[in-house]
Amino acid sequence: MDIDEHEHVIEVTDLRRVYGGGFEAVRGISFSVARGEIFALLGTNGAGKTSTVELLEGLAAPAGGRVRVLGHDPYLERAAVRPRTGVMLQEGGFPAELTVAETARMWAGCTSGARPEAEVLARVGLAGKHGVRVKQLSGGERRRLDLALALLGDPEVLFLDEPTTGLDAEGRRDTWALVRELRAAGTTVLLTTHYLEEAEGLANRLAILHEGRIAVSGTPAEVTAGRPSRMSFELPDGYFVGDLPSLPDLGVCGHESDGRFVRLRTTELQRTATAVLNWAERAGVELRGLDVRSASLEEAFLGIAQEQGVAA
Ligand SMILES: Nc1ncnc2c1ncn2[C@@H]1O[C@H](COP(=O)(O)OP(=O)(O)OP(=O)(O)O)[C@@H](O)[C@H]1O
């Protein structure tokens, strides 16, 4: 049974994955992704991201729970799901001796309704590399080739496992722009990433995995809500932390200082920043190195890792 555009394109319920030796890498996770959404799976090394994505791609059967992609079981109904999905694995395995164009042509031959290879290679910035052998590509160029192959079939659902690992800053930005374009065209994207700014900038919703379980999920704003913001600056000569306005009264929930630099964590950034800046103004001093930043995914990620680590 197919689904209409308002239903969830990906549905995961109490999913489990157990490896040969009995190790449970995915321990009962649930989430869903609506059509046209970008959903990011984050987590520390070994948290279970790839193990989960492989189940969604139908590369293995779950040990428990249920996966539906476009209304089908991706493992048992592979023929119904595979032509409508694009997959970029963490490590693409291409024959090293083939050129970029040959690789794309070979892949297109196995893809129903493939886009013209040249168009897709141009889209990922490999237009000038048709004649280059795969073994001569840089790591970042191989990732782009991986992405091109995933896009050949014009997929409705795209699985991207660490799509920008190994790319330089420009390559990463280009890939982000491409993923946004795909979303605008209605493609549903599930990606894993170690780059928190990637998830923050791209994802409509995300889940942070820890040891096979979802520690937190929601929109980036929901996940960072309640996490402290940061303010840091250099104390002017002759001043001490004790000279600052009373920090606990300003929502400051933690601070550290080596006597010169001060780093504050606050749940009330505006109040803290206003009070400290007013204090500096009154004292007629400059706060060198002033840096004020609201709660980020990085803060949430580190907080979760710490909390879970302590709880473990
Ligand atoms: N074939 C396997 N047999 C046994 N254990 C495995 C196998 N593949 C993965 N694991 C283990 O399962 C856990 C989850 O691995 P997975 O690759 O899913 O994590 P990840 O979140 O993608 O990590 P990374 O960010 O490092 O890519 C790890 O502890 C890993 O060692």
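Use the structure listed above.
Remember, predicted model here, so these are calculated numbers, not experimental data.

Trainee: Honestly, the pairing of strand E11 (residues 252-257) in this entry has me stumped. Any pointers?
Mentor: The side chains of a regular strand alternate, residue by residue, between the two faces of the sheet. By the bridge criterion, five bridges tie E11 to strand E12 (residues 261-266) in an arrangement that is antiparallel. In the sheet register, Ser257 faces E12, and the bridge partner there is Val262. Turn length for the E11-E12 hairpin, with the two strands adjacent in sequence and antiparallel, is three residues, and the turn residue Gly259 shows positive phi of about 95 degrees.

Trainee: Help me understand the packing of helix H3 (residues 100-109) against helix H5 (residues 139-151), please; the structure alone is not making it clear to me.
Mentor: Axes are the key here: two packed helices are described by the angle between their axes and the distance separating the axes. Orientation of H3 relative to H5, taken along the N-to-C sense of each, is 25 degrees, at an axis distance of 10 Å. When the axis of H3 is compared with that of H5, the two are roughly parallel. Handedness of the H3/H5 crossing: right-handed. Contacts between H3 and H5 involve Val100, Thr103, Ala104 and Trp107 from the former and Leu145, Ala148 and Leu149 from the latter. Within the contact of H3 with H5, the residues separate by chemical class into six nonpolar, one polar and no charged.

Trainee: Would you explain the site of the ligand in this entry?
Mentor: For the ligand, the set of nearby residues contains 13 residues, the closest of which are Tyr19, Ala25, Lys49, Thr50 and Ser51. Counting residues per element, the shell around the ligand draws most heavily on helix H1 (residues 49-56), which supplies three residues. Tallied by class, residues from the shell around the ligand come to four nonpolar, eight polar and one charged.

Trainee: How do you make sense of the sheet that holds strand E8 (residues 205-210) when you look at a structure like this?
Mentor: Hydrogen bonding along the main chain pairs the strands of a sheet, whether they run parallel or antiparallel. The six strands are arranged E5-E6-E7-E3-E8-E9 in an open sheet whose pairing can be described as mixed. Pairing within the sheet leaves two strands with one partner each, and these edge strands are strand E5 (85-88) and strand E9 (213-218). Neighbour-to-neighbour, the strand axes of the sheet open up by a mean angle of 15 degrees, direction not taken into account. For E8 and E9, the ladder comprises five bridges, and the chain directions are antiparallel. Within E9, the residue paired with Ile208 across the bridge is Val216. In the packing of H5 onto the sheet, the strands contacted are E5 and strand E6 (157-161), and the crossing angle to E5 comes to about 165 degrees. Along the sheet face, helix H6 (residues 169-184) touches strand E3 (38-43), E6 and strand E7 (188-192) and points at about 150 degrees away from the line of E7.

Trainee: It is not clear to me how the sheet that holds strand E10 (residues 229-234) should be interpreted in this structure. Could you clarify?
Mentor: With antiparallel pairing, four strands are arranged side by side in an open sheet as E11-E12-E10-E13. Strand pairing shows two members of the sheet lacking a second neighbour, E11 and strand E13 (291-293), which therefore form its edges. For this sheet the average axis-to-axis angle between neighbouring strands, irrespective of direction, equals 10 degrees. With respect to the sheet, helix H9 (residues 269-283) is in contact with E10, E11, E12 and E13, its orientation differing from that of E10 by roughly 15 degrees.

Trainee: Explain the environment of Arg180 to me, please; I cannot follow it from the model alone.
Mentor: Inspection of the secondary structure assignment puts Arg180 in helix H6. Judged by C-beta crowding, with 14 C-beta atoms within 10 Å, Arg180 ranks as partly exposed. Separated by 21 residues in sequence, Arg180 and Gly201 place their C-alpha atoms 9.7 Å apart.

Trainee: When you look at H3 in this model, what are you seeing that I'm missing?
Mentor: Given 3.6 residues per turn, any residue in an α-helix points the same way as the ones three and four places further on. Those residues of H3 that sit buried are Val100, Thr103 and Ala104. Seen along its axis, H3 keeps its buried residues to an arc of 95 degrees; they face one direction. Elements that come into contact with the buried residues of H3 comprise helix H4 (117-123) and H5.

Cut-offs used in this document
- Residues numbered from 1 in each chain as written.
- Predicted model: local features only at pLDDT ≥ 70, side-chain atom pairs only at ≥ 80, totals over all residues.
- Pairing = 2+ DSSP bridges.
- Helix = DSSP H or I, 4+ residues; strand = E, 2+ residues; numbered from the N terminus.
- Axes fitted to C-alpha atoms, helices over the stretch in contact; angles between N-to-C directions.
- Parallel < 35°, antiparallel > 145°, perpendicular 65-115°, else oblique.
- Left-handed = near helix turned anticlockwise from the far one by under 90°.
- Contact = placed C-beta atoms within 7 Å.
- Nonpolar A, V, L, I, M, F, W, Y, C, P; charged D, E, K, R; others polar.
- Near = placed C-beta within 6 Å.
- Buried ≥ 20, exposed ≤ 12 C-beta atoms within 10 Å, placed from the backbone.
- Arc of directions from axis to C-beta.

By themselves, these are just geometric observations and shouldn't be taken as functional.
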